[in-house]
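# Structure assessment
Listed below are the residues making up each chain.
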Amino acid sequence: MIQDWTDLGKEMWSYLTGKSAVINYTFIDMAVEVPRDIGPDAPRATWKLNGTLRVTTSEGPTAESLAH
């Protein structure tokens, strides 16, 4: 059962691992308000995204990670 962002991230990682998945997200001046608590009046943090976020999954070390 997914209850928060960390649960969602873990489920997505578990699903994609072993499928050699690569996901690219490109953001241009995007702002996201992330609530710190539950409820419509909860204080929010603002995340600003500008660029590319790449998510890559694998079951073991890759040649690239071994080179570092």
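Because the structure is predicted, anything quoted here is derived from the model rather than measured.

Glancing now at the overall build of the protein. Helices and strands together make up the secondary structure of the protein, namely 2 helices and 2 strands. Traced from its N-terminal end to its C-terminal end, the protein shows the element sequence α-β-β-α. The burial tally for the protein puts 10% of its 68 residues in the buried class. Intrachain contacts of the protein at a sequence separation of at least 6 include 48% that bridge at least 24 residues. Split by element, the accessible area of the protein, about 6100 Å² in all, is 56% carbon and sulfur.

With a phi angle near 50 degrees, Asp29 is a residue other than glycine that sits in the positive phi range. The residue Asp29 is located in strand β1 (residues 22-35) in this model.

Checked against the element boundaries, Thr52 lands in strand β2 (residues 44-56). Judged by relative accessible area, Thr52 falls into the exposed class, the value being 56%. Separated by 25 residues in sequence, Thr52 and Phe27 have C-alpha atoms that sit 6.2 Å apart. In this view, Thr52 contacts Tyr25 and Thr26; residues no more than four positions away in its chain are not counted.

Here the focus is the confidence of the model for the protein. Model confidence for the protein is summarised by a mean pLDDT of 80, while 84% of its residues fall at 70 or above. Confidence scores differ between elements of the protein, with helix α2 (residues 63-67) showing the lowest mean pLDDT of 59 and β1 the highest of 87.

Our focus in this paragraph is a nonpolar patch on the surface. A surface patch of nonpolar side chains, about 370 Å² in accessible area, is lined by Ile2, Trp5 and Leu8. Judged by its relative accessible area of 38%, Leu8 is partly exposed.

So, how was this worked out
- Residues numbered from 1 in each chain as written.
- Predicted model: local features only at pLDDT ≥ 70, side-chain atom pairs only at ≥ 80, totals over all residues.
- Heavy atoms only, no water.
- Helix = DSSP H or I, 4+ residues; strand = E, 2+ residues; numbered from the N terminus.
- Buried < 20%, exposed > 50% of the residue type's maximum accessible area, 1.4 Å probe, protein only.
- Contact = heavy atoms within 4.5 Å.
- Areas by Shrake-Rupley, 256 points an atom, 1.4 Å probe, with all protein chains shown as cover.
- pLDDT = per-residue confidence, 0-100.
- Patch = residues over 30% accessible without salt bridge, like charges linked within 9 Å, V, L, I, M, F, W, Y side chains within 5 Å.
- Salt bridge = Lys/Arg side-chain N within 4 Å of Asp/Glu carboxyl O.

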